[in-house]
Amino acid sequence: MPMKISRKIILLVLPLLLGIFLVSAGTSYYLSHLSLTDLAFQVLKAKTTEAVEVLERQQLLLETFALEGIPAGVHKAQLDSIQTIEALEQEGQGRVIVLDQNGVVLHHSEPDLVGSRLSGADWFAKLLPPNGTLTYNQGGSFLASYQYFQPWQWIVMVSEEEQVLFGPAGKIHSYLAIFCTGGAIVLAIALMVLTRQLVAPLQRLTAGAKEIGRGNMDIRIAVSGRDEFADLAEVFNQMTQELQQLLDGLEQRVLERTEELTEVNVRLKQEMQEKTMAMKALSASERRLSAILRASPIGIGLVIDRTLDWANEAMYQILHYDMNSLAGKPSRLLYANEKEYERVGSWLAQEAATSGTSQLETSLLRGDGKLVNCRIKAAPLDPHDLSSGVLVALTDLSEAKLLEAKLQRAQKMEAIGLLAGGVAHDLNNILSALVSYPELIMLDLPADSPLRKPLTTMKNSGERAAVIVQDLLTMARRGVPVREPINLNALVNELLDSPEMGLLASEHPAVQLEVQLEENLALIEGSKSHVVKSIVNLLFNGAEAMRDGGQLLLATSNIHLQEPMVGYEVVPAGRYAVVLVRDQGTGMTKTDLDRVFEPFYTRKQMGRSGSGLGMAVVWGTIKDHGGFVSIESSRERGTTVELFFPAAETMLQTEAEQAPLEKITGRGEKLLIVDDSAAQREIAVSIARRLGYQTETCDSGEMAIAYCADNDADLILLDMIMEPGIDGLDTYLQIEAIKPQQKIIIVSGYSESERVQELQQRTGCLYVQKPYSLESLGAAIRNSLEQ
Amino acid sequence: MYTRFAQRLCLVIVAVLLGTLDIQPQPANAGQVLRLGLHVSKMGKLDPHFAAAAQDRVLADMVFNGLVRYKPGMAPQLEPDLAVEMPGFEMKDGRQEWTVKLRQGVMFHPGPQNPTYEMTSEDVVFSLLKSANPEHSSDAGNYSAWKVEAADRYTVKITLEHPLSPALFFPRIANYSGGFIVSKKAIEAMGYQGFSEHPVGTGPFAFSTYQQGKMVALTAHPDYFRGTPRLDGVELHLLAKTEDRVAALEQGTLDVIVGSGDVGWISQFDGRTDVIADYFGVGEISSFYFNITLPPLDDIRVRQAIALALDREGFMATSDRGLGDKVFSQVPSQFLPGGLEEEMVRKLGLDFTVDRERAKALLAEAGYPEGFSIDLVSSEKRVYRVMYEELAKQLAQVGINCRLQVVPHADMHKAIRNTPQPITLYIAWRPNADSYLTRFFHSDSIIGSGAKPDTNFSAYRNIDKLIEAGRREIDPARQSQLWQQAQIKLLSDMAAFPVMYISQLFIRRAAVDYGHQLENTMALYPQITEMSTIDR
């Protein structure tokens with residue numbers, strides 16, 4: 001019966017709806033096609049304009065920068081235009097075709113067509129200047145917009161297939177047909193569903209009534225709407241409502257309890273996880289602290305009731321016991337005597353009780369029976385109850401004590417050096433007169449004058465005294481006047497042929513000198529005379545230690561220290577050329593060794609075989625060369641001295657030449673002599689005048705600056721150290737401000753100090769050391785004036 | 001249980017005791033000085049704002065910082081240096097205002113006449129104004145229209161009349177040329193002359209001494225803001241002869257040396273595990289600059305003839321093959337936007353493929369059928385010398401006789417700036433196309449007579465407007481087109497002949513670790529930083 005009703009409704013409504021749909025669709029298609037075509041041309045025109053603007057921008061660039069006459073520039077602009085148009089083509093609809101006036105394709109979305117000629121195409125003839133639109137067929141219906149670009153005689157055309165342009169809108173007629181048919185079917189189905197919904201509640205009520213009739217109280221009938229069927233169904237359903245509510249409440253309680261149990265379970269798991277992580281962290285911390293104990297250079301142990309309970313590896317190493325061998329043993333066995341044991345015990349107890357920690361130095365008895373100097377630092381685990389144990393940190397002071405002694409020795413040598421240097425400087429000034437005046441006087445004496453001999457003796461004595469002063473200066477570490485590359489092997493070979501070696505052989509005939517030279521010895525940088533003197537001093541000392549004869553070894557070698565060598569001194573890592581002198585003599589005591597480099601400290605009788613400066617000169621020389629000394633001596637094996645000279649990296653060769661007298665005379669040039677010593681000024685004036693120069697003198701730097709402000713001098717002889725005023729360098733700096741080209745020679749009783757070197761680097765001036773000879777000063781003056 | 005507890009307690013107390021005994025870990029590289037052998041016999045300028053020669057850039061890189069910096073070994077990538085972040089800008093009344101926020105706690109090295117102190121905006125303002133002053137900077141043109149102000153102790157405002165794209169602005173405040181930040185107080189204390197002899201900056205290493213013609217010593221800056229350098233210092237040894245550098249490396253007196261591009265030179269290190277060769281950029285560009293005002297090169301036919309006589313292959317053969325490649329425009333397309341690639345240059349007909357018969361015909365047309373002679377000045381540096389010699393060899397084939405005078409590198413720099421040369425070879429790296437074009441071809445940069453004389457050796461003045469328009473352009477594609485058009489004009493006028501780029505080659509002991517990747521550096525050496533180490 002319901003099926004019949006629905007059929008009637010469909011047959012009546014469906015034809016009517018189909019008719020309405022078809023009329024509407026036809027009208028819509030006609031109007032929308034017109035609109036779409038117009039819209040498509042607008043889109044194509046806009047893109048054409050955009051493409052032409054690209055060309056215009058490039059043309060404007062060419063015009064703005066006057067590049068139109070440069071073919072490559074125009075070509076580049078055109079290439080850039082094409083490139084920009086390619087990017088433009090990617091946006092929106094419309095394919096851009098760029099043609100020249102002959103129809104040759106300059107750009108096309110199909111690269112194969114670039115360079116081909118399209119003037120034969122039907123549509124080409126329709127491209128009339130300056131712009132327009134067209135439609136054409138080429139395997140489909142196409143719409144196009146075009147525009148001429150006059151400066152380059154180019155045509156820019158944007159075209160697209162109508163189907164593509166219209167897109168989904170182009171399929172409107174199909175859409176409408178589908179819509180009509182589909183709409184009719186949908187309506188028919190809707191009508192059927194509506195009819196069934198009206199009939200369905202009646203069917204459900206009928207079935208429910210039958211079940212109730214059979215006594216089935218579980219049956220429920222769906223309630224919808226507010227009609228009579230709904231009221232009937234509601235009454236039916238109320239019959240089992242109370243029972244259902246009871247069951248629902250029970251289920252809810254079970255659910256809540258389950259949730260609670262789940263939460264408790266999660267919390268327990270979390271706590272377990274945290275506990276595991278804490279255990280791991282604790283274990284890692286223990287391992288770290290244990291590693292600290294193992295790595296510590298300090299001996300660490302726990303003492304309970306003065307019995308060693310436990311100690312780390314360093315403790316056993318310092319005390320020379322096997323690992324763990326002291327555990328549980330009384331600490332008394334570490335002390336040489338009861339008194340010291342008690343002293344340490346009571347001090348530690350007293351200090352620990354008052355301040356919490358205590359510290360003291362003591363000597364402990366090592367496992368091998370030797371004593372070791374240690375510092376003990378202790379801290380009780382419980383300051384109020386020492387019986388709970390005391391933690392002890394033990395530091396081996398042996399090496400620190402050794403280094404402290406070396407430092408004291410170096411400081412002492414430095415202080416002695418300073419004293420000797422000061423004395424030597426004054427002596428140098430005094431000796432200048434002894435060296436210089438005899439020479440000047442002899443120039444005025446006839447060749448057969450009886451005074452010549454005593455004057456020569458006086459001059460020679462002065463020069464010998466100067467040599468001793470030079471020793472003092474060397475020892476004072478101010479005495480290396482030149483730095484030149486030195487081959488120690490060549491130096492030793494020269495030395496073997498020297499008079500000094502003859503003297504050594506004649507004074508010590510029972511001593512056999514053996515020489516061992518390493519091939520390819522590294523060069524060093526320094527003063528040959530100082531190095532020779534040091535070697536000679538060592539050889540004479542060695543020979544004199546072997547009164548009954550023996551073998552004296554002189555050797556050279558290359559030594560490359562990968563790490564510092566600790567001996568008499570700490571020799572840093574590096575490359576060294578080493579000179580070794582070894583005797584088989586009587587050796588030295590430890591006290592002798594400690595003081596062997598002090599000036600005037602000698603085991604020999606003073607005045608018998610030297611000045612007492614021999615080893616001090618060796619020390620001064622090696623320090624001036626940036627080197628180091630190693631010395632070992634014993635009564636049985638004699639003494640071995642090694643001089644470590646740093647191997648040179650770069651070499652500068654400078655040679656001083658002596659000039660013949662006639663080449664150093666002056667031509668009346670004016671010299672300004674600046675020196676705070678009247679005697680020095682007098683000597684310099686005498687020499688300068690003798691050589692044919694005019695002279696002026698100033699006794700201070702300040703006076704020289706004032707002189708230069710108003711006067712000229714061809715050359716200034718400038719003393720470096722002047723007191724109490726400014727020194728030579730400061731004097732020069734102020735003179736330079738007045739006379740930037742002023743020539744100078746720097747003169748000093750000291751050897752080249754840093755101030756002298758700074759002045760030389762700044763000016764390139766020559767340096768003359770006092771006491772100077774007529775030749776040396778004359779040559780320096782001449783060279784400076786001719787620079 | 002008791003034992004375990006006691007042990008733990010002991011460990012804690014031991015840790016405390018160790019603290020009281022003053023046991024400190026020693027730096028991993030205590031006493032380590034890295035010795036770098038450079039290929040020149042003397043330094044040029046120690047003031048970073050005049051640093052043009054390679055050795056000067058090396059020194060400046062270690063002693064100074066910029067507001068931003070090229071990532072060590074990874075140029076041209078940039079990152080903040082003395083600034084806390086990459087600066088940003090706002091446009092106000094047509095002007096571009098950049099705001100730079102400075103790091104706090106950056107310390108200068110102590111100067112000879114002033115103690116160390118914290119860098120502030122005052123130092124930045126002072127530095128950028130110094131860079132803008134032609135008397136105190138060789139790069140003044142890049143900073144002249146800048147208004148630089150200290151907004152507060154750690155903020156600097158830079159206002160530009162003509163806006164710059166970040167691509168052009170950042171290189172100017174980077175650790176390169178005028179971007180280095182110098183110590184105001186040091187210069188006030190000792191004057192500009194004093195500063196030029198003892199530069200003072202904030203870098204990882206402080207200047208110590210310069211032994212003329214021999215060595216520059218730098219010491220670690222313990223207060224360096226990125227952390228105390230792992231090295232104790234750096235020494236720059238000046239050894240112009242390659243064999244001297246190699247000998248020193250072999251003897252262990254040098255740790256890193258500048259390599260040689262001599263063909264086959266590198267093979268001596270083949271199979272060695274104790275030394276490592278590093279090839280890296282950026283490539284310095286070699287170009288011959290033709291002075292278009294000096295006869296006979298004032299005739300374009302002569303310049304075109306020279307271009308047709310030159311064969312890039314010949315110049316490439318003077319160096320190891322792995323070291324470089326040919327370039328066809330002033331701005332290297334391999335490294336920077338705005339350059340012209342070989343294919344494009346050929347398409348435009350500006351490649352000047354070797355044609356010596358055509359070259360001779362052009363010379364005859366210009367009135368030099370028998371050729372002519374010119375005097376040229378070359379540096380003693382190998383790369384200059386061999387390229388000048390190759391130039392002379394190639395030009396001789398068309399009748400042009402080159403008389404070469406070889407002088408120390410620094411002297412060549414003076415000579416080519418003081419006296420116009422008919423042909424000048426210059427090998428240089430510039431951070432962007434604008435810098436290349438401005439410094440080599442803007443009329444303001446003409447040596448001697450320009451408003452801001454720089455390195456326009458060609459006396460060229462025909463692309464000023466293009467350069468300036470390119471500088472103002474914000475659109476990257478458009479900016480690139482303007483730069484390319486400028487170079488097309490240059491090639492059409494044949495004001496310069498771009499030859500090749502040459503990468504860097506350094507040799508180091510395997511024990512040396514620069515502490516960063518090494519692909520490109522603007523400092524033209526591998527860059528020694530606070531992270532560099534040597535394991536002797």
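None of these values were measured; they are calculated from a predicted model.

1. Notes on the overall build of chain B
Thought 1: What chain B contains, in helices and strands, is 15 helices and 19 strands.
Thought 2: Residues classed as buried in chain B amount to 60% of the 536 residues present.
Thought 3: Once local pairs closer than 6 in sequence are excluded, the contacts in chain B between residues at least 24 apart make up 69%.
Thought 4: Looking at chain B as shown, the accessible area adds up to about 20,500 Å², and 50% of this sits on carbon and sulfur atoms.

2. Some details on the packing of helix α12 (residues 499-507) of chain A against helix α13 (residues 528-544) of chain A
Residues and elements named next belong to chain A.
Thought 1: Taken N-terminus to C-terminus, the directions of α12 and α13 make an angle of 5°; their axes are 11 Å apart at the nearest point. In this view, α12 runs roughly parallel relative to α13, as classed from their interaxial angle. Between α12 and α13, the contacting residues are Glu-500, Met-501, Leu-503, Leu-504 and Glu-507 on the first element and Val-536, Leu-539, Phe-540 and Ala-543 on the second.
Thought 2: Per-class residue counts for the contact of α12 with α13 are seven nonpolar, no polar and two charged.

3. A word on the environment of Asp-426 of chain A
Thought 1: Along the chain, Asp-426 of chain A falls in helix α9 (residues 398-444).
Thought 2: On a C-alpha basis, the gap between Asp-426 of chain A and Val-469 of chain A in space is 9.7 Å, while along the polypeptide they are 43 residues apart.

4. Considerations on the pattern of salt bridges
Thought 1: Applying the stated criterion across every chain, the model contains 45 salt bridges over all chains.
Thought 2: One salt bridge in this structure joins Lys-157 of chain B and Glu-97 of chain B, with 3.7 Å as the shortest N-O distance. On the criterion of sequence distance, the pair formed by Lys-157 of chain B in strand β7 (residues 155-160) and Glu-97 of chain B in strand β5 (residues 95-101) is long-range, its members being 60 residues apart.
Thought 3: Residue Lys-157 of chain B is classed as partly exposed on the basis of its relative accessible area of 23%.
Thought 4: Linking Glu-250 of chain B and Arg-272 of chain B is a salt bridge whose minimum nitrogen-to-oxygen distance equals 3.0 Å. With Glu-250 of chain B in helix α6 (residues 242-251) and Arg-272 of chain B in the loop between β11 (256-258) and β12 (275-290), this residue pair connects regions lying 22 residues apart in the sequence.
Thought 5: Using a relative accessible area of 28% as the deciding quantity, one classes Arg-272 of chain B as partly exposed.
Thought 6: Salt bridges sharing partners connect three or more residues here, namely Arg-667, Glu-669, Arg-782 and Glu-786 of chain A.

5. Concerning empty space enclosed by the protein
All names here are of chain B.
Thought 1: This model, assessed by the stated rule, comprises seven cavities of 30 Å³ or more.
Thought 2: When its volume is computed, the largest cavity comes out at roughly 120 Å³.
Thought 3: Together, 15 residues line the largest cavity, and Asp-61, Arg-69, Asn-175, Tyr-224 and Thr-529 are the ones closest to its centre.
Thought 4: When the residues that make up the lining of the largest cavity are grouped by side-chain class, the tally is six nonpolar, four polar and five charged.

6. Remarks on the sheet that holds strand β11 (residues 390-396) of chain A
Residue and element names in this part refer to chain A.
Thought 1: An order of β8-β7-β6-β11-β10-β9 is seen for the six strands of this open sheet, with the pairing classed as antiparallel. Pairing within the sheet leaves two strands with one partner each, and these edge strands are β8 (329-330) and β9 (358-365).
Thought 2: With five bridges connecting them, strand β6 (residues 299-304) and β11 associate as antiparallel partners. Bridging across to β11, Ile-300 finds its partner in Ala-393.
Thought 3: Docked against the sheet, helix α8 (residues 338-355) engages β9 and β10 (371-380), running at close to 160° with respect to β9.

7. Quick look at the packing of aromatic side chains
The description of an aromatic ring pair uses the distance of the two centres, along with the angle that the planes make with each other.
Thought 1: Overall, the coordinates contain 34 aromatic pairs over all chains when judged by the stated rule.
Thought 2: Taken together, the aromatic side chains of Tyr-289, Tyr-426, Trp-429, Tyr-436, Phe-440, Phe-441, Phe-457 and Tyr-460 of chain B make up a single cluster linked through ring pairs.
Thought 3: The ring of Trp-619 of chain A carries the charged tip of Lys-623 of chain A above its face, separated from the ring centre by 4.9 Å.
Thought 4: Above the plane of the ring of Tyr-117 of chain B lies Lys-185 of chain B, whose end atom (NZ or CZ) is 4.5 Å from the centre.

8. Here's the deal with a negative patch on the surface
Residue and element names in this part refer to chain A.
Thought 1: Judged by side-chain charge, Glu-50, Glu-53, Glu-56 and Glu-91 come together as a negatively charged surface patch.
Thought 2: Tracing the chain through its elements places Glu-53 in helix α1 (residues 2-64).
Thought 3: Since its relative accessible area comes to 36%, Glu-53 is described here as partly exposed.

9. With respect to helix α5 (residues 184-197) of chain B
All names here are of chain B.
Thought 1: Relative to the 20 Å expected for 14 residues at 1.5 Å per residue, α5 spans just 15 Å between its end C-alpha atoms, considerably shorter than the ideal helical length.
Thought 2: Along α5, the helix axis deviates most sharply at Gly-191, where the bend reaches about 110°.
Thought 3: Inspection of α5 places Ala-186, Ile-187, Met-190, Gly-194 and Phe-195 among the buried residues, and these make up the whole buried set.
Thought 4: Contact partners of the buried residues in α5: α3 (121-132).
Thought 5: You can read the cap of α5 off the contacts: a side-chain oxygen lies 3.0 Å from the backbone nitrogen of Ala-186, and it is on Ser-183.

10. Considerations on the packing of helix α7 (residues 300-309) of chain B against helix α10 (residues 356-365) of chain B
All names here are of chain B.
Thought 1: Viewed as axis vectors pointing N to C, α7 and α10 meet at an angle of 165°, and their least axial separation amounts to 8 Å. The pairing of α7 with α10 is recorded here as roughly antiparallel in orientation. The two elements α7 and α10 cross, and the hand of that crossing is left-handed. Facing α7, whose interface residues are Arg-301, Val-302, Gln-304, Ala-305, Leu-308 and Ala-309, α10 presents Arg-356, Arg-358, Ala-359, Leu-362, Leu-363 and Glu-365.
Thought 2: The residue inventory of the contact of α7 with α10, partitioned by class, reads seven nonpolar, one polar and four charged.

11. Things to note about the sheet that holds strand β5 (residues 154-161) of chain A
Residue and element names in this part refer to chain A.
Thought 1: Taken together, five strands build an open sheet; the order of strands is β2-β1-β5-β4-β3 and the sheet is antiparallel. If you trace the sheet from one side to the other, it starts and ends with β2 (105-107) and β3 (131-137), each paired once. The mean inter-strand angle of the sheet, taken between neighbouring strand axes irrespective of direction, is 30°.

12. Points about the nonpolar core
Thought 1: Within the largest apolar cluster, 144 residues are counted, with the highest numbers of intra-cluster contacts made by Ile-158, Phe-288 and Ile-423 of chain B.
Thought 2: With 10 residues, the top contributor of residues to this core is α1 of chain A.
Thought 3: With residues near it in sequence (within four places) discarded, Ile-158 of chain B still touches Gln-96, Glu-97, Trp-98, Val-100, Leu-128, Trp-146, Lys-147, Val-148, Phe-169 and Ile-173 of chain B.
Thought 4: In terms of nonpolar packing, the next biggest core, distinct from the first, is built from 39 residues, Val-63, Ala-220, Val-256 and Phe-506 of chain B among them.

13. Side note on the pairing of β5 of chain B
All names here are of chain B.
Thought 1: For strand β4 (residues 88-92) and β5, the ladder comprises five bridges, and the chain directions are antiparallel. Counterpart to Gly-88 in the pairing with β5 is Thr-99.
Thought 2: The loop that links β4 with its antiparallel partner β5 comprises two residues; one of these, Asp-93, has a positive phi angle of about 50°.
Thought 3: Bridge count between β5 and β7: six bridges; the pairing is antiparallel. The residue bridging Gln-96 from the neighbouring strand is Leu-160, located in β7.

14. Remarks on α9 of chain A
The periodicity of an α-helix, 3.6 residues per turn, causes residues three or four positions apart to be oriented the same way.
Thought 1: A rise of 1.5 Å per residue sets the reference length of α9 of chain A, with its 47 residues, at 69 Å; its end C-alpha atoms lie 69 Å apart and thus fit the reference within 8%.
Thought 2: Bending of α9 of chain A peaks at approximately 30° at the position of Ile-430 of chain A.

15. Considering the confidence of the model for chain B
Residue and element names in this part refer to chain B.
Thought 1: Within chain B, residue pLDDT values average 91, and 94% of them lie at 70 or more.
Thought 2: Summarising per-element confidence for chain B, the mean pLDDT is lowest in helix α1 (residues 2-20) (42) and highest in α7 (98).
Thought 3: Here residues 1-30 is a poorly scored stretch, pLDDT under 50, and it has 35 contacts once near neighbours within four places are set aside; other chains count.
Thought 4: For this predicted complex, the interface confidence reaches an ipTM of 0.72, while the overall pTM sits at 0.47.

16. Points about unusual backbone geometry
Most peptide bonds take the trans form, and the phi angle of most residues other than glycine is negative.
Residue and element names in this part refer to chain A.
Thought 1: A cis geometry characterises the amide bond from Pro-129 onward to Pro-130, with omega recorded as -5°.
Thought 2: In this structure, Pro-130 sits in the loop between β2 and β3.
Thought 3: Of note in this structure, Gln-153 is not a glycine but carries a positive phi near 55°.
Thought 4: What makes Gln-153 partly exposed here is its relative accessible area of 30%.

17. Description of the environment of Val-532 of chain A
Residues and elements named next belong to chain A.
Thought 1: Relative to the helices and strands, Val-532 resides in helix α13.
Thought 2: Judged by relative accessible area, which is 21%, Val-532 ranks as partly exposed.
Thought 3: Sequence separation between Val-532 and Leu-495 is 37 residues, and the spatial gap between their C-alpha atoms is 7.2 Å.
Thought 4: Residues contacting Val-532, with those up to four places away along its chain left out, are Leu-491 and Leu-495.

Criteria and thresholds
- Residues numbered from 1 in each chain as written.
- Chains lettered and ligands numbered in written order.
- Predicted model: local features only at pLDDT ≥ 70, side-chain atom pairs only at ≥ 80, totals over all residues.
- Heavy atoms only, no water.
- Helix = DSSP H or I, 4+ residues; strand = E, 2+ residues; numbered from the N terminus.
- Buried < 20%, exposed > 50% of the residue type's maximum accessible area, 1.4 Å probe, protein only.
- Contact = heavy atoms within 4.5 Å.
- Areas by Shrake-Rupley, 256 points an atom, 1.4 Å probe, with all protein chains shown as cover.
- Axes fitted to C-alpha atoms, helices over the stretch in contact; angles between N-to-C directions.
- Parallel < 35°, antiparallel > 145°, perpendicular 65-115°, else oblique.
- Nonpolar A, V, L, I, M, F, W, Y, C, P; charged D, E, K, R; others polar.
- Salt bridge = Lys/Arg side-chain N within 4 Å of Asp/Glu carboxyl O.
- 1 Å grid on protein atoms, 1.4 Å probe; cavity = no way out; pocket = protein on both sides within 12 Å on 5 of 7 lines; lining within 4 Å.
- Points joined across faces, edges and corners; volume = space filled by probe spheres on them.
- Pairing = 2+ DSSP bridges.
- Phe/Tyr/Trp six-rings, centres within 6.5 Å; stacked < 30°, edge-to-face > 60°.
- Lys NZ or Arg CZ within 6 Å of the ring centre and 35° of its normal.
- Patch = residues over 30% accessible without salt bridge, like charges linked within 9 Å, V, L, I, M, F, W, Y side chains within 5 Å.
- Lys, Arg positive; Asp, Glu negative; His and termini not counted.
- Charge placed at Lys NZ, Arg CZ, Asp CG, Glu CD.
- Expected span 1.5 Å × (residues − 1).
- Bend = angle between axes of the 7 residues up to and from the residue.
- Polar contact = N/O pair within 3.5 Å; in protein donor to acceptor, adjacent residues only side chain to side chain.
- Left-handed = near helix turned anticlockwise from the far one by under 90°.
- Core = buried A, V, L, I, M, F, W, Y, C linked by side-chain atoms within 4.5 Å.
- pLDDT = per-residue confidence, 0-100.

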